[in-house]
Amino acid sequence: MNLLVDVGNTNTVFGLWATDMLKSKWRVSTKRLGTEDEIYMMVKEFLNRNDCTVEELEDLCVASVVPAVNNSFRYFAEKYINKDALFVTAREDIGVKWDVDFPPEIGSDRVANILGAKSFYGENAIVIDVGTAITVDVLKDGAFLGGAIIPGPHVSMKALFSGTAKLPQVELHFVKKPIGRNTADNIRIGIINTTFFGLKSIVMQIVEKYTAKPVIIATGGYAKLFDISKDFFDFIDTELTLKGIREYCKLVRKLEENTAH
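Residues numbered from 1 in each chain as written. Predicted model: local features only at pLDDT ≥ 70, side-chain atom pairs only at ≥ 80, totals over all residues. Heavy atoms only, no water.

A short note on helix α2 (residues 70-81)
The end-to-end C-alpha distance of α2 is 16 Å, a good match for the 16 Å that twelve residues give at a rise of 1.5 Å each. Among all positions of α2, only Asn70, Ser72, Phe73, Phe76, Ala77 and Ile81 are buried. Buried residues of α2, viewed axially, fall in a sector of 155°; they line one side. If you follow the buried residues of α2, they end up packed against β1 (2-7), β2 (11-18), α1 (36-49), β4 (59-64) and β5 (86-87). Within two residues after α2, Asn82 carries a phi angle of roughly 60°, on the positive side. (Helix = DSSP H or I, 4+ residues; strand = E, 2+ residues; numbered from the N terminus. Expected span 1.5 Å × (residues − 1). Buried < 20%, exposed > 50% of the residue type's maximum accessible area, 1.4 Å probe, protein only. Arc of directions from axis to C-beta. Contact = heavy atoms within 4.5 Å.)

A short note on the layout of surface pockets
There is about 470 Å³ of room inside the largest pocket. Elements represented by at least two residues in the lining of the largest pocket include exactly β1, β2, β3 (21-29), β7 (125-130), β8 (133-140) and α6 (240-260). Of the residues assigned to the lining of the largest pocket, the class counts are eight nonpolar, twelve polar and six charged. (1 Å grid on protein atoms, 1.4 Å probe; cavity = no way out; pocket = protein on both sides within 12 Å on 5 of 7 lines; lining within 4 Å. Points joined across faces, edges and corners; volume = space filled by probe spheres on them. Nonpolar A, V, L, I, M, F, W, Y, C, P; charged D, E, K, R; others polar.)

Re the sheet that holds β1
On the basis of which strands lie adjacent, the open sheet formed by five strands has the order β3-β2-β1-β4-β5 and mixed pairing. The open sheet has two free edges, formed respectively by β3 and β5, since each of these has just one partner strand. Direction of pairing for β4 relative to β5: parallel, over a ladder of two bridges. If you follow Cys61 over to β5, its bridge partner there is Leu86. Here α1 sits on the sheet in contact with β1, β2 and β3, set at roughly 140° to β3. (Pairing = 2+ DSSP bridges. Axes fitted to C-alpha atoms, helices over the stretch in contact; angles between N-to-C directions.)

Considering the packing of aromatic side chains
Across all of its chains, the model carries twelve aromatic pairs by this definition. Relative to Tyr80, the ring of Phe76 lies with its centre 5.7 Å away and its plane at 40°, an arrangement referred to as tilted. Here Tyr80 and Phe76 lie together in helix α2, a separation of four residues that amounts to about one turn. A relative accessible area of 23% places Tyr80 in the partly exposed class. (Phe/Tyr/Trp six-rings, centres within 6.5 Å; stacked < 30°, edge-to-face > 60°.)

Here's the deal with α6
Helix length check: α6 (21 residues) gives 30 Å between terminal C-alpha atoms against 30 Å at 1.5 Å per residue, within 8%. Looking only at α6, the buried set comprises Leu240, Thr241, Leu242, Lys243, Gly244, Ile245, Arg246, Glu247, Tyr248, Cys249, Val252 and Arg253.

Written out as structure tokens, the structure is:
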């Protein structure tokens with residue numbers, strides 16, 4: 001069994017991968033990640049609920065956009081799994097051409113999303129990951145071409161709320177009418193509607209670069225906020241990043257094994 005970890009700026013998702021499938025997952029606030037021993041207690045509780053133990057873990061693979069917590073995962077793997085933790089990066093030997101100006105700058109979550117898309121949906125796909133930030137990742141003929149980074153809905157709301165004296169924080173959802181009749185709907189239209197239509201416009205321009213329509217996949221904790229028109233997303237796969245982390249783990253460990261021999 002492998003423990004997969006997607007460390008985001010706001011939340012961290014743990015996944016337990018066993019027998020070629022994701023057996024279970026759970027989400028915590030990234031602020032809760034502490035020392036290797038605190039991570040151990042958290043993981044132990046999670047595994048116990050799934051009738052497993054830490055001793056049964058064979059590997060740990062992490063996609064992290066929060067460098068401050070990486071050492072805790074390194075120490076956790078060394079101390080409790082007796083193995084070096086594996087961290088996702090844009091390597092040239094994992095079956096994807098990273099056709100961008102500076103491959104080392106690619107976020108590990110985006111690397112995982114591209115690997116997940118390529119493995120489960122084919123070599124032509126656009127991944128929209130809606131989290132703290134919204135990332136658009138373009139996979140064309142098996143190569144990552146780049147994409148876009150957009151403020152996520154809750155980042156936009158926080159910025160609006162902190163910069164204004166009287167505007168309230170509201171529950172976010174799409175408003176069907178283009179004119180808001182109250183302050184809450186005005187804010188929702190400004191954040192969700194505007195982001196949705198802008199995002200859709202960008203993606204449709206990207207689609208024109210393909211000879212055949214690519215698969216459009218949404219993922220991330222807030223993906224369903226933008227599942228508004230049924231002609232936009234082909235799939236909503238909230239487990240895509242974990243699938244990509246698992247794929248990375250499998251590929252890199254096999255490369256290490258071949259090198260050792």
